[in-house]
Amino acid sequence: MKRTLGTCYYPEHWPEEMWAADARRMADAGLTWVRIGEFAWSRLEPSPGDLQFEWLDRAIDVLGQAGLKIVLGTPTATPPRWLVARHPGMLALDADGRPRGFGSRRHYCFSHEAYREECDRIVQLFAKRYGGNRHVAAWQTDNEYGCHDTTLSYSAAACEAFREWLRERYGSIEALNRAWGNVFWSMEYGSFDDIDLPNLTVTEPNPSHALAFRRFSSDQVASFNRRQTDIIRTHSDAPIGHNFMGRITEFDHFKVGDDLDIATWDSYPLGFLEDRVGADEAHQRAFARQGDPDFQAFHHDLYRSVGKGRWWVMEQQPGPVNWAPYNPAPLPGMMRLWAWEAFAHGAEAVCYFRWRQAPFAQEQMHAGMLRPDNADAPALLEARQVAEELQDTPDVFIARSEIALIFDFDADFAWATQPHGAGLNYFQIVFDTYKALRKLGLSVDIIRAETRDFSSYKLVLAPGLIYMPQDLKSALSEADAHVVLGPRTAARTADMAIPVPLPPDMPGLDVTVSCVESVRPDMPMPLKGGGSFVGYREELEGSADIVLETEAGQPAAMRSGNLTYVGGLCDESASTRLFKNLCAEAGIPTMPLTGGVRCREAGDLRIWTNYGSEPAETPAGRIEAAGVLFEEL
Amino acid sequence: MKRTLGTCYYPEHWPEEMWAADARRMADAGLTWVRIGEFAWSRLEPSPGDLQFEWLDRAIDVLGQAGLKIVLGTPTATPPRWLVARHPGMLALDADGRPRGFGSRRHYCFSHEAYREECDRIVQLFAKRYGGNRHVAAWQTDNEYGCHDTTLSYSAAACEAFREWLRERYGSIEALNRAWGNVFWSMEYGSFDDIDLPNLTVTEPNPSHALAFRRFSSDQVASFNRRQTDIIRTHSDAPIGHNFMGRITEFDHFKVGDDLDIATWDSYPLGFLEDRVGADEAHQRAFARQGDPDFQAFHHDLYRSVGKGRWWVMEQQPGPVNWAPYNPAPLPGMMRLWAWEAFAHGAEAVCYFRWRQAPFAQEQMHAGMLRPDNADAPALLEARQVAEELQDTPDVFIARSEIALIFDFDADFAWATQPHGAGLNYFQIVFDTYKALRKLGLSVDIIRAETRDFSSYKLVLAPGLIYMPQDLKSALSEADAHVVLGPRTAARTADMAIPVPLPPDMPGLDVTVSCVESVRPDMPMPLKGGGSFVGYREELEGSADIVLETEAGQPAAMRSGNLTYVGGLCDESASTRLFKNLCAEAGIPTMPLTGGVRCREAGDLRIWTNYGSEPAETPAGRIEAAGVLFEEL
Amino acid sequence: MKRTLGTCYYPEHWPEEMWAADARRMADAGLTWVRIGEFAWSRLEPSPGDLQFEWLDRAIDVLGQAGLKIVLGTPTATPPRWLVARHPGMLALDADGRPRGFGSRRHYCFSHEAYREECDRIVQLFAKRYGGNRHVAAWQTDNEYGCHDTTLSYSAAACEAFREWLRERYGSIEALNRAWGNVFWSMEYGSFDDIDLPNLTVTEPNPSHALAFRRFSSDQVASFNRRQTDIIRTHSDAPIGHNFMGRITEFDHFKVGDDLDIATWDSYPLGFLEDRVGADEAHQRAFARQGDPDFQAFHHDLYRSVGKGRWWVMEQQPGPVNWAPYNPAPLPGMMRLWAWEAFAHGAEAVCYFRWRQAPFAQEQMHAGMLRPDNADAPALLEARQVAEELQDTPDVFIARSEIALIFDFDADFAWATQPHGAGLNYFQIVFDTYKALRKLGLSVDIIRAETRDFSSYKLVLAPGLIYMPQDLKSALSEADAHVVLGPRTAARTADMAIPVPLPPDMPGLDVTVSCVESVRPDMPMPLKGGGSFVGYREELEGSADIVLETEAGQPAAMRSGNLTYVGGLCDESASTRLFKNLCAEAGIPTMPLTGGVRCREAGDLRIWTNYGSEPAETPAGRIEAAGVLFEEL
Ligand SMILES: [Zn+2]
Ligand SMILES: [Zn+2]
Ligand SMILES: [Zn+2]
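Predicted, not measured: the structure shown is a model, and the values here were computed from it. (Residues numbered from 1 in each chain as written. Chains lettered and ligands numbered in written order. Predicted model: local features only at pLDDT ≥ 70, side-chain atom pairs only at ≥ 80, totals over all residues. Heavy atoms only, no water.)

**Structural notes on the coordination of the zinc ion (ligand 1)**
All names here are of chain A. To keep it simple, the criterion reads: Metal donors were taken as nitrogen, oxygen and sulfur atoms no farther than 2.8 Å from the ion, or 3.2 Å where the ion is Na, K or Ca. Water is excluded, so coordination may look unfinished. Secondary structure elements follow DSSP: runs of H or I of four or more residues count as helices, runs of E of two or more count as strands, with numbering from the N terminus. Partly exposed residues are those whose accessible area sits between 20% and 50% of the maximum for their type, while under 20% is buried and over 50% is exposed, using a 1.4 Å probe and protein chains only.
For the zinc ion (ligand 1), the full set of protein donor atoms is Glu144 (OE) and Glu315 (OE), at a range of 2.1 to 2.2 Å. With Glu144 in the loop between strand S4 (136-140) and helix H6 (156-170) and Glu315 in strand S7 (residues 311-316), this residue pair connects regions lying 171 residues apart in the sequence. For Glu315, a relative accessible area of 3% gives the class buried.

**Structural notes on the relation of the copies chain A and chain B**
Two copies of a chain can be linked by a rotation about an axis combined with a shift along that same axis. To be explicit about the condition: C-alpha atoms of residues with pLDDT of at least 70 in both copies form the basis for the least-squares superposition of the copies.
Laying chain A over chain B is done by rotating through 120 degrees and shifting 0.0 Å along the axis; what remains is an RMSD of 0.0 Å. The operation mapping one copy onto its partner corresponds to a three-fold rotation axis.

**Topic: the packing of aromatic side chains**
Selection rule: Planes of paired rings set the category: under 30 degrees apart is stacked, over 60 is edge-to-face and the rest tilted, where pairs are Phe, Tyr or Trp rings (Trp by its six-membered ring) whose centres lie within 6.5 Å. For a lysine, the NZ atom is tested; for an arginine, the CZ atom; a charge sits over a ring if that atom is within 6 Å of the ring centre and within 35 degrees of the ring normal.
In total, this model carries 146 aromatic pairs over all chains according to the counting rule given. Taken together, a centroid distance of 5.6 Å and an interplanar angle of 75 degrees make the contact between A:Phe53 and A:Phe126 edge-to-face. Here A:Phe53 is found in the loop between helix H2 (41-44) and helix H3 (54-65), whereas its partner A:Phe126 is found in helix H5 (residues 113-130), with 73 residues between them in sequence. Cation over ring: C:Arg247 sits above C:Phe427, and NZ or CZ is 4.0 Å from the ring centre. Directly above the aromatic system of C:Trp14 lies the positively charged group of C:Arg356, at a separation of 4.0 Å from the ring centroid.

**Focus on the interface of chain A and chain C**
Going by this rule: Contact definition: two residues touch when any of their heavy atoms are within 4.5 Å. Two parts placed together each lose some accessible area; with a 1.4 Å probe, that loss summed over both constitutes the buried area. Any Lys or Arg side-chain nitrogen found within 4 Å of a carboxyl oxygen on Asp or Glu counts as a salt bridge. Lys, Arg, Asp and Glu make up the charged group, whereas Ala, Val, Leu, Ile, Met, Phe, Trp, Tyr, Cys and Pro make up the nonpolar group; the residues left over, Gly among them, are polar.
At the interface, 44 residues of chain A touch 49 residues of chain C. Buried area between chain A and chain C, both sides added, is near 4200 Å², and the carbon and sulfur share of it is 57%. Among the residues of chain A in contact with chain C, A:Trp185, A:Val202 and A:Arg520 are the three that bury the most area, contributing 20% of the side total. Taken together, the links from chain A to chain C amount to 8 salt bridges. Ionic pairing is found between C:Arg81 and A:Asp196, a salt bridge with its closest N-O pair at 3.4 Å. Residue composition of the side of chain A that touches chain C, grouped by class: 22 nonpolar, 11 polar and 11 charged.

**Overview of the side chain of C:Ser155**
The residue C:Ser155 is located in the loop between strand S4 (136-140) and helix H6 (156-170) in this model. If we skip the residues at most four places from it in the chain, C:Ser155 touches C:Leu91, C:Leu93, C:Cys109 and C:Leu197.

**A look at the UniProt feature "binding site: Zn(2+)" (unreviewed entry) in chain A**
Worth spelling out the cut-off: UniProt positions are given in the numbering used here, feature names are shortened, and annotations may be inferred rather than shown by experiment.
With numbering aligned to this structure, UniProt lists the feature "binding site: Zn(2+)" (unreviewed entry) at A:Cys109. For A:Cys109, the position within the fold is in the loop between helix H4 (81-86) and H5.

**Concerning unusual backbone geometry**
Residue and element names in this part refer to chain C. The omega torsion across Phe353 and Arg354 is 5 degrees, close enough to zero to call that bond cis. As for its position among the elements, Arg354 is in the loop between strand S8 (349-352) and helix H14 (378-391). Between Gly486 and Pro487 the backbone carries a cis peptide bond, its omega angle lying at -10 degrees. With respect to the helices, strands and loops of the structure, Pro487 is situated in the loop between strand S12 (482-485) and strand S13 (504-506).

Right, dumping it as structure tokens:
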């Protein structure tokens, strides 16, 4: 399969007489894909039952005739105003109990059955009408589930569905009371109908309650999505995707991915650096026009896993965006670099969002490949260059690494429920691990916690995996790979209680966490030999070998055979030291990288990228600022 | 007309037997004006229809007999409790949907028709009873419109009135949908009755929607005020004013001013420095007991414009206030300095707020001219000094400058709707421009964006004027004056869309803004020759002359003939350089000032003020800390 | 009476077969007391009227048989879910009007009469059943009144009760309007039924209104508690206590204490340092694993006073807690040190919270004396050491000091109502005073503002006592002791107005505060001779002697005879200088202490503690980090 480019287009935003020229210009630029339809409900059904699909027929035809392949999106992220009037209860409520009203997008609660039925209806209309259309080569369900903090809803519909979900999970209220330890503070329920949502409690709710609500909310997203994929598949053979939003962890992307053929994600490197990477100010300044050097790569590897190998960037930042605290213009070259970063990680396609900047409404300041006045914007020129470069490059190649890093959305729910120390969060811990590996020149597979076969890996990292079922413990313990565990590994039961025996209770590893502590981040706990624990530390007991010690003489990491348990949060220096040693032992070569230079193996190539604002030297030669370098292996 | 002093007095707060002595003491101190009445509704109508105006008759008489002139305020900022009970819907709702209840002041929604009728009734009673009273020499409507964030209300009454306002503005819902680009995200409405207020949306609302709501809210203030002025004028020939509050920009003061004879404003230099000037901490420390050296001057020039030449300070800070985060005592001399600053800018009158410090209720810690125990407070002594000085000074003189600075409330609404970068706001941009000019020793006229005749000016500045109608573009282009535009000039249509051709699309100036970016404030973008853009920059194209460049070699300012376009936000150094050059070219002499020293031309005088806490040298001689110096020209 | 130790135990959390072993292990460790019952309502009455007290009978019996004495807690802090369903109006509302729902604890409004009756009923059941039980040696009412910000409720029940409270206090609405100055801003009420709670006003409410609501809310806690003590006393002779929470000042602990036999409090030194001591970051780092060296001592002295001499630590931190921003592990030795600090201040008993760490629900990460797997945790070992040490030490000894520091909850309400400067609060002012005294090696009695007999003291400190009745003024004026007043002494009437003559209006002291100011904390106002006022300063007039001056030459402290008035907030250096001089004059020896070393006289002993993380030298010898040293006097 050839690597391809594409864009996102809204024919309903432009006079019909512009469509053909737009289509020709896309094709001329070397684009293959055009995504349409995902926000068009009010134009397809301006009032209840008044269906107006002819314009969409024509748009698909015009685009298809120009040789473009269509990704058709279902419009369920933007229900029209009349639909909200008909179902006022469909609005989500926020944690303060306020309705999240009409006037932007994603104004629905995943649990509202009548809204789900409206979605069934409109998706059915789409699937029947276009399921056999030869130009429609892929589907997208909805748009960016969970964006704008929309996974968790505290509505009556959510409450009712939550009770039902609990009833199915626990069978009896006695079982639930027992599992949650509701005897504590007299929180015992007499029936499932007594259970409220865990917001607006006087002090924090029972973590078992809060975690169950997060799991339920995640499941609601998956089942909402599944209703769409089931309907589409009845009428179409084209692959189905969803465009996940970066750094959204409130629902399990793997579970949604189970119902998809392709995972796609929306990559806004500059916007993300400003509003969600979590870097310090010096780092934010250094990469303000380039984006964090590892954040995109991490997501690429994540969605390759979510898509079981098949994945795209569905929305690629094309210039300044409109929604971050600050919205700088990318350094020239970055729109090309980002695309190559994606292809280096195995992307099938990279689509720039959006074709032409809309002069109106919320995203009027979001750049496109064209300016509002229809002139070329920088993204078009860089995309054209990538399109030309793609002609001579190999097909899509799924790199597989010898290193696996487990990312588990359920663990993120548990850490969010109980961070223990201010600012601690699971995503950051996994991302920091990833960053340390990547700065050693390593390529990484991100895998889900349901994995049991680790035979293709030499090194497996599972930081912060707070709940670990017995068979995963066994599989890791028996793996040939080196396995790095901790902190908080298996620290909770499935219902968010502390297990007895105490964690990690890992077969083959005599280590017990006897006590844990969170510590102010300005009080690092130095380790012998360099580096520190920062923010979180565990007291370790047991007979396993001590492989890392604090300067105060406490065991910091312990090991038996292939299992290493790290009892704290390492800073970069400590991580690097630990990973370098394990790689050496496992026979994995490392190559320390500095500044903004990174690399990724992709089949016969090593693709170098320079996120720095100055040229840099690499083992493969000099690389320009915002440059890409192809090294043949 | 002689320059005069006055004070604000609440006869209802004190035993009637104190009134005569108070009146005598005011007159003895050299005061001319006394403002009364504006919070007295519950004493004038203790229960519905039970009118008790006799005490007010007597108070006016006692004060008038002492030779004082009365400013009579309508009491509509403080409706009594029984009135709220009768009209519960009159309360404003905040953006979170919470009612803003009884128990302080300004507890009403401008759009509530029944409350407007209650206001008609009480104002009618005032106007009829006192319209012919010889002591009532001026009127004040309500008190500090918009104070405590009360312009925007999200009540049902506001929603209903907003729909009506939109119906009148757009005629048909199709026209509104088109103007706002509601096709985006399927936000199209089927009828005006579908339109909600733009709060509590999931992500930000359509900027066209948000801006329309701000304009509507502004218009509601103007029409609320107009009902009072219409009634008063039927019964009285005395001039009518309103006391605007400093740094309130949520409604268009010019439009309210159109219905007034005199603009007055409330000046609290220390409180404002603490809570709204927006200065850094070093500046706040340096001027904590004096106030910002330019903030009052800016408002003086603004309200001279709002009042079409006639303006007062209605409330002058007399000592520590009660409402700022910190409430220091002014440096001795400042109560005199502030008054002279106002007279230097053409004030007809300066009234100290308030006569005697009230020992009870919310403002018990707000100083007065007298202490609660009736002893003289410092403000009385300094006011007495000013009164003596006034005897030998010329009459009120409206200085006119050769430099005009446009301030447009509508532009402020647009920037508030879409700042693009965190912290960017229109007021600050205009104020920074003003400050740079004033530190060059220049006097400035602040003018409204409706101005079309610029013939009396040599230099016109119009920073950040985000919407610019065609005839203003023409007028500026054809003016004899040098005109400084940008950034964001004409960057939006009247309905908050990006215009095509791209901005500024200025006749006689071939400059196009092809791309804009906001940038972290800790990443200044240096300019060749010194100074930087900070926070915001535009990419400029076109054939106009480049007059300023970034160190990276991008055009920063471009010029053709009299028009200069600046494509970014200048720091003080860059502004100063630019303005100095233009003044030189225009033949306007400049005189750089430092520290807290400022000056203002007023007829045959140049009045120097020293906001510093140490004495300073000026071209006109030495000036004491907190001192005033009169230089004859 | 021997000094004793104890713990908090929840038999309902554990299988009945574990109870006997637990009881034996407690007794073996040297514990005397075990507190039970206070969260067990849902197990005692799983559904309305279904009483299940037999398990509690057996638990008491098992524990008692092991030789332990029971403290029996009433379970009213955790009403079961069915009870909330029956009385939905019992929930408190927060200041934003949101209900504070079921799902944690303290989900009730103190003013809800039906809930009070449910409490009467369950307390009656407890008292009747166990009033004669020989093992039940003490009682506890409810749990931690006011914790989680639960004193102030804005519910309908609270509003109704507040109106009733006001009716009783003021008699007529005219009297209330007059007392509050409601003529200001037309806030006059026509009847008590017009009065709303002081939340959700447009700007701040009348301080008289806000203060009245705080006083009312405090009284509601006291009367809620009194209903329980009245019922218990009908059936039992055992002493009654309540476990106050540290740094909770929203209700008057002295008034609640009036109905108790013993005051107890819950001491979490590390959690408190992180979330409520208010220290700067360097101090927080220095004492992160030890707690603030004075915070516990302050509370010990406070509750000795609340308990009229009889007091306990009911919950002593045993290791990391779960609820602070960061939750570090204590330095080894601290669990012993904290206990000795309490005994040094006269505690009868110190009970560690809790016996065994619960693996489930909200406090699963709160350490216990045992780990969740039943192994000894560090607290058990240190408690055992204390138990052994206690065998050879003298009986409980109530040290009395020659120095008294007045702490007045009502003053805290007034400061909270009107801090005047951001961050100013009464608790901090009194605590800073205490700290300065303690760092001079002094022992302090904390006394209530109702005290009139000061004959046993040489030095009395009354900082910030904003309201001071005439007889207290007289008593202080006529005392033999040196008395230190100010700032803000007697600055308000009983109804929160400024008195005339101006404050402090102190017999025997010609000082008048003519003006007050709050100032940014980064602008200290230096005093001659060292030290500064920080944040707040008063202008002083009068003929008393000036004993402290600002560098600017203003009087800072003035004195006549035994009365010294300090017109500002002293930093530590200024306080220390002032107190040292007064102590010298009064013949009280001082002994400057540094770092984490402190001492306390306790009968024939001086007990030294070292909160530092390094050993230190004291006049009594070397003291280890986290160490305790006994010096015989
Ligand atoms: Zn998107
Ligand atoms: Zn005012
Ligand atoms: Zn507790």
